[in-house]
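# Architecture and fold: a report
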Amino acid sequence: MFIITERQYNIIMQQAQACYPQETGGILGGRDNTILGVLPIPNKHLYDRTETFALTPEDIETAYHFLVKHNLEYLGVYHTHPRGTPYPSAQDLSHNQKYLFIIGLQDRYNPEFFAWRAEQGKIYSENIKIMSDYGATVIDIHTGQPKLSQSASQQQLDRLADMIDEIITGHQPQYPKLDATHWDSSSFSTFA
Ligand SMILES: [Zn+2]
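Going by what an unreviewed UniProt entry lists, the protein is known as JAB domain-containing protein and is assigned to candidate division WOR-1 bacterium RIFOXYB2_FULL_48_7.

Structure representation (structure tokens):
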């Protein structure tokens with residue numbers, strides 16, 4: 001089971017939308033299966049960026065410094081499947097990662113965020129819980145836009161709490177629609 005804050009979940013989802021239909025991704029760091037740092041990485045695959053998310057040795061270097069600087073453990077790579085389901089491809093599994101985080105955008109505005117654990121040639125689904133993060137952004141239920149929590153109404157905060165409860169109890173959550181936004185790949189977020 002993994003825990004991610006809403007703020008970091010939103011960063012990943014905004015990146016996924018901004019880069020659509022190209023595949024994109026990054027590195028997740030954390031402690032005890034809690035995701036505390038998200039490092040988006042621009043896709044360097046020059047030939048067909050709708051099919052593959054590629055990391056360069058430079059990216060690995062950047063990720064290493066990011067994790068060391070914030071005292072985080074490496075949890076894994078996340079990437080999108082812009083036209084697909086959030087299941088690992090044979091190529092994804094060939095990288096011998098313990099965990100794979102995949103965002104399926106087959107239904108673009110209802111992204112599916114899945115974590116997988118690979119163990120002795122088999123893959124298992126890991127739950128992901130989204131924790132509320134009142135210090136950062138919440139989603140405005142009417143416009144679907146991220147909004148500062150300072151200006152959020154109690155109603156909106158309750159709605160957010162309901163969404164998290166739905167996730168925790170295992171119901172399929174309905175994610176708010178997000179418009180594509182400008183994505184600055186040099187920005188990243190960490191709580192560490
Ligand atoms: Zn993949």
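### Observations regarding helix α2 (residues 57–69)
If you check α2, its first and last C-alpha atoms are 18 Å apart, about what 13 residues at 1.5 Å a residue would give, namely 18 Å. Just beyond α2, the residue with positive phi is N71, at close to 55 degrees.

### Observations concerning the environment of I103
Within the secondary structure, I103 is located in strand β5 (residues 99–104). A relative accessible area of 0% means that I103 is categorised as buried. The spacing of I103 and F114 is 11 residues in sequence and 6.3 Å in space, taken between C-alpha atoms. Residues contacting I103, with those up to four places away along its chain left out, are I12, M13, Y78, H79, T80, H81, P86, P111, E112 and F113.

### Some remarks on the side chain of Q17
Counting through the fold element by element, Q17 comes out in helix α1 (residues 6–19). Under the relative-accessibility criterion, Q17 is labelled buried at 3%.

### Description of the pattern of salt bridges
Counting across every chain of the model gives two salt bridges. Of the charged contacts in the structure, one is a salt bridge between E119 and R117, with a shortest N-O distance of 2.7 Å. Taking the shortest distance from any N to any O, the salt bridge between E126 and R117 comes out at 2.6 Å. Judged by relative accessible area, E126 falls into the buried class, the value being 11%. Each of R117, E119 and E126 takes part in one network of salt bridges that share partners.

What counts and what doesn't
Residues numbered from 1 in each chain as written. Predicted model: local features only at pLDDT ≥ 70, side-chain atom pairs only at ≥ 80, totals over all residues. Heavy atoms only, no water. Helix = DSSP H or I, 4+ residues; strand = E, 2+ residues; numbered from the N terminus. Expected span 1.5 Å × (residues − 1). Buried < 20%, exposed > 50% of the residue type's maximum accessible area, 1.4 Å probe, protein only. Contact = heavy atoms within 4.5 Å. Salt bridge = Lys/Arg side-chain N within 4 Å of Asp/Glu carboxyl O.

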